[in-house]
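These are the residues of each chain, in order.
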Amino acid sequence: MKVIFHIVDNYRRDLSWRLDLSIKLKKLGYTNYIGTPASIRKLHLSHRNAVILGRLGSTTGNSEFDKEFIKEIENNCSKLIYFHDEGGVFSSNNFANSVLHTHPVNIINKNFVQKVFVWGINQYNVLKSYVPNDKLMVFGMPRLESVASFCKPNYKKKEFILINSRFGDVNKVDGDISFFDKRRFEIRKEGNPDLKINEIKDDLISEWCSSNISFTYFIEMVDSVLSAYPNENFLIRPHPSESVDFYLDVFSTYPNVSVSKEGDLIELFENTKLVLHSQCTTGLEAFFNNVPQINFIPTTNDNSLLTCVSELTPIATNRENLLYLVNNFLSGNYDDSTDLKNIKKYIANVDNSFSSHNLIIKEIDTFFKNSTTSSSIKINIFVIKYYIKRLLS
């Protein structure tokens, strides 16, 4: 039995394309498991010579959970094909450090990592000085491919304007760690051991301040557009890391507004006439799916501009500009002049010129062709160790 384990950090964002890839792999005779890092780790204990797709439990791959998981992967002769679920959208001012943070060199250089997939050539160029070049491969943003497979150029229903946010740093879900939690410092340190605590603190404060400024402008923008178009229906879709309650409280007086994280984005697009966002990957997916989008970028300080998504046009730089662009759209004068050339440096398949899924499948085939032992169910010392820990905890 040839087994593939798909590690998914965010089901709302990544489940659709993982299912799409799993269907393709099943047709080729592969058995697929999709789950969180914890559930995949548990399932993997009873398999040998499997392929694990994605990243480990933490962004840096250096947590205690990850260290134990790596031992189990190595003991079971499995391989990790590494890629990060957020591999292309970083602060323009801190791009190289962000790439190294999300692609931990001390982990991906180990033998249990078969291949390191990156979204674009710019990420490749950062990593090529640290990782053997034959271990690196540019493969694009795989979930864009699933977006394209559902692409419908002419929707019959256009029920609402979708407003997408991305401000989990300042509007966090109850129970999530704070932006300045000790674990945040540990994660930064794991990603770059040379960083001093004061440097990490200064970076976090700068990022938090920038996010708060952007969030303030975003809320003002949303309020303005809701007030200006009382006859339009709006759906506000917070980021998975954001609190829904904040938006419900602020915009509860508008009868034409719904707030929800529910539903698959691709299905929502079928009823979306326009997407309003602020440098969000949803804008990129809307663009790729032929759904008109307007990019709201009211500030341009060093920490506010993000790679890829800051280049989506049309761009509104203030509330008045945004209302002008929305009015143009509703009047049939929408104009999108987005240049894919620069975005392609960060997301190689943005022009749909090749298949990310096929590159993944090819790498999986390579592993199993070279593997001398088939994946099989067995009880080993790590299985016993895992269940002893569970009984004692």
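Residues numbered from 1 in each chain as written. Predicted model: local features only at pLDDT ≥ 70, side-chain atom pairs only at ≥ 80, totals over all residues. Heavy atoms only, no water.

Trainee: Would you mind going over the packing of helix α2 (residues 37–44) against helix α3 (residues 64–75) with me for this structure?
Mentor: In a packed pair of helices, the relevant descriptors are the angle between the two axes and the axis-to-axis distance. Orientation of α2 relative to α3, taken along the N-to-C sense of each, is 30°, at an axis distance of 10 Å. Relative to α3, the element α2 lies roughly parallel. Note that α2 runs across α3; the crossing there is left-handed. Residues Pro-37, Ala-38, Ile-40, Arg-41 and His-44 of α2 pack against Phe-65, Glu-68, Phe-69, Glu-72 and Ile-73 of α3. Residue composition of the contact of α2 with α3, by class: six nonpolar, one polar and three charged. (Axes fitted to C-alpha atoms, helices over the stretch in contact; angles between N-to-C directions. Helix = DSSP H or I, 4+ residues; strand = E, 2+ residues; numbered from the N terminus. Parallel < 35°, antiparallel > 145°, perpendicular 65-115°, else oblique. Left-handed = near helix turned anticlockwise from the far one by under 90°. Contact = heavy atoms within 4.5 Å. Nonpolar A, V, L, I, M, F, W, Y, C, P; charged D, E, K, R; others polar.)

Trainee: In this structure, what is going on with the nonpolar core? I would like to understand it.
Mentor: Note that soluble globular proteins tend to have their nonpolar side chains buried in a common cluster. Formed by 58 residues in total, the largest nonpolar core has its most connected members in Ile-4, Val-51, Leu-53, Ile-347, Ile-360 and Ile-364. The biggest single contributor to this core is helix α15 (residues 356–370), with five residues. Other than its neighbours up to four places away in sequence, Ile-360 contacts Trp-17, Leu-21, Leu-53, Phe-83, Phe-117 and Phe-139. Core analysis: the next-biggest nonpolar cluster, separate from the first, contains 27 residues, Met-221, Leu-226, Phe-251 and Ile-294 among them. (Core = buried A, V, L, I, M, F, W, Y, C linked by side-chain atoms within 4.5 Å. Buried < 20%, exposed > 50% of the residue type's maximum accessible area, 1.4 Å probe, protein only.)

Trainee: Which parts of the structure should I look at to understand a negative patch on the surface?
Mentor: On the surface, Asp-174, Asp-176, Asp-245 and Asp-249 cluster together into a patch of negative charge. Assignment of secondary structure puts Asp-245 in helix α10 (residues 244–250). (Patch = residues over 30% accessible without salt bridge, like charges linked within 9 Å, V, L, I, M, F, W, Y side chains within 5 Å. Areas by Shrake-Rupley, 256 points an atom, 1.4 Å probe, with all protein chains shown as cover. Salt bridge = Lys/Arg side-chain N within 4 Å of Asp/Glu carboxyl O. Lys, Arg positive; Asp, Glu negative; His and termini not counted. Charge placed at Lys NZ, Arg CZ, Asp CG, Glu CD.)

Trainee: Is there a simple way to think about the packing of aromatic side chains in this case?
Mentor: Here a ring pair, both rings aromatic, is described through the centre-centre distance and the interplanar angle of the planes. Enumeration according to the criterion identifies 18 aromatic pairs in this entry. Each ring, one from Phe-215 and one from Phe-246, has its centre 5.3 Å from the other, and the planes form 45°; the classification is tilted. Residue Phe-215 is found in helix α9 (residues 197–228), and its partner Phe-246 is found in helix α10; the two are separated by 31 residues along the sequence. For Phe-246, a relative accessible area of 29% gives the class partly exposed. Cluster of aromatic residues (ring-pair linked, three or more members): Phe-167, Phe-215, Phe-218, Phe-246 and Tyr-247. Here the basic side chain of Lys-2 rests over the ring of Tyr-30, its NZ or CZ set 4.4 Å away from the ring centre. Here the basic side chain of Arg-41 rests over the ring of Phe-65, its NZ or CZ set 5.0 Å away from the ring centre. (Phe/Tyr/Trp six-rings, centres within 6.5 Å; stacked < 30°, edge-to-face > 60°. Lys NZ or Arg CZ within 6 Å of the ring centre and 35° of its normal.)

Trainee: Please clarify how the sheet that holds strand β3 (residues 51–54) should be interpreted in this entry.
Mentor: In sheet architecture, strand pairing relies on hydrogen bonds along the backbone and comes in two forms, parallel and antiparallel. In spatial order, the strands read β2-β1-β3-β4-β5-β6; together these six strands make up an open sheet with parallel pairing. In this open sheet, the two strands that pair with only one neighbour each are β2 (30–35) and β6 (136–138). Each strand axis lies, on average, 20° off the axis of its neighbour in the sheet, ignoring direction. Where strand β1 (residues 2–7) and β2 come together, six bridges link them in parallel fashion. Across the sheet, Val-3 pairs through a bridge with Thr-31, a residue of β2. (Pairing = 2+ DSSP bridges.)

Trainee: I keep staring at the sheet that holds strand β8 (residues 234–237) and nothing clicks. Help me out?
Mentor: In spatial order, the strands read β9-β8-β7-β10-β11-β12; together these six strands make up an open sheet with parallel pairing. A single partner strand is all that each edge strand has here, and the edge strands are β9 (257–259) and β12 (315–316). The pairing of strand β7 (residues 160–164) with β8 spans four bridges and is parallel. Directly across from Ile-161, in β8, lies its bridge partner Phe-234. Running over the sheet, α9 touches β7, β8, β9, β10 (272–277) and β11 (293–296) and is turned about 170° from β7.

Trainee: Would you explain the environment of Ser-39 in this entry?
Mentor: Position of Ser-39 relative to the elements: it lies in helix α2. For the pair formed by Ser-39 and Tyr-217, sequence separation is 178 residues and the distance between their alpha carbons is 39 Å. Of the polar contacts made by the side chain of Ser-39, one reaches the backbone nitrogen of Thr-36; its length is 2.9 Å. (Polar contact = N/O pair within 3.5 Å; in protein donor to acceptor, adjacent residues only side chain to side chain.)

Trainee: Sorry if this is basic, but what is going on with empty space enclosed by the protein here?
Mentor: Rolled over the atoms, a probe with the dimensions of a water molecule shows which regions are left empty. Scanning the model with the defined rule gives two cavities of 30 Å³ or more in all. Volume-wise, the largest cavity comes out at about 100 Å³. Forming the walls of the largest cavity are 15 residues, and the residues nearest its centre are Asp-14, Trp-17, Arg-18, Phe-83 and Asp-85. Contributions of two or more residues to the lining of the largest cavity are made by α1 (11–27) and α7 (142–149). Taken together, the residues of the lining of the largest cavity break down into seven nonpolar, two polar and six charged. (1 Å grid on protein atoms, 1.4 Å probe; cavity = no way out; pocket = protein on both sides within 12 Å on 5 of 7 lines; lining within 4 Å. Points joined across faces, edges and corners; volume = space filled by probe spheres on them.)

Trainee: It is not clear to me how the pattern of salt bridges should be interpreted in this structure. Could you clarify?
Mentor: Opposite charge on two side chains permits pairing when their charged atoms draw close. All chains considered together, the criterion is met by ten salt bridges. The partner of Arg-143 in a salt bridge is Glu-285, and the shortest N-O contact between them spans 3.3 Å. Of this pair, Arg-143 sits in helix α7 while Glu-285 is found in helix α12 (residues 281–288), placing the two residues 142 residues apart along the sequence. In this structure Glu-285 comes out as buried when scored by relative accessible area, which is 6%. Between Glu-232 and Lys-273 there is a salt bridge, with the nearest N and O atoms lying 2.9 Å from each other. Linking Glu-232 in the loop between α9 and β8 with Lys-273 in strand β10, this pair joins segments that are 41 residues apart in sequence. Residue classification places Glu-232 among the buried residues on the basis of a relative accessible area of 16%. One continuous salt-bridge network, built from bridges that share partners, spans Asp-14, Glu-86, Arg-143 and Glu-285.

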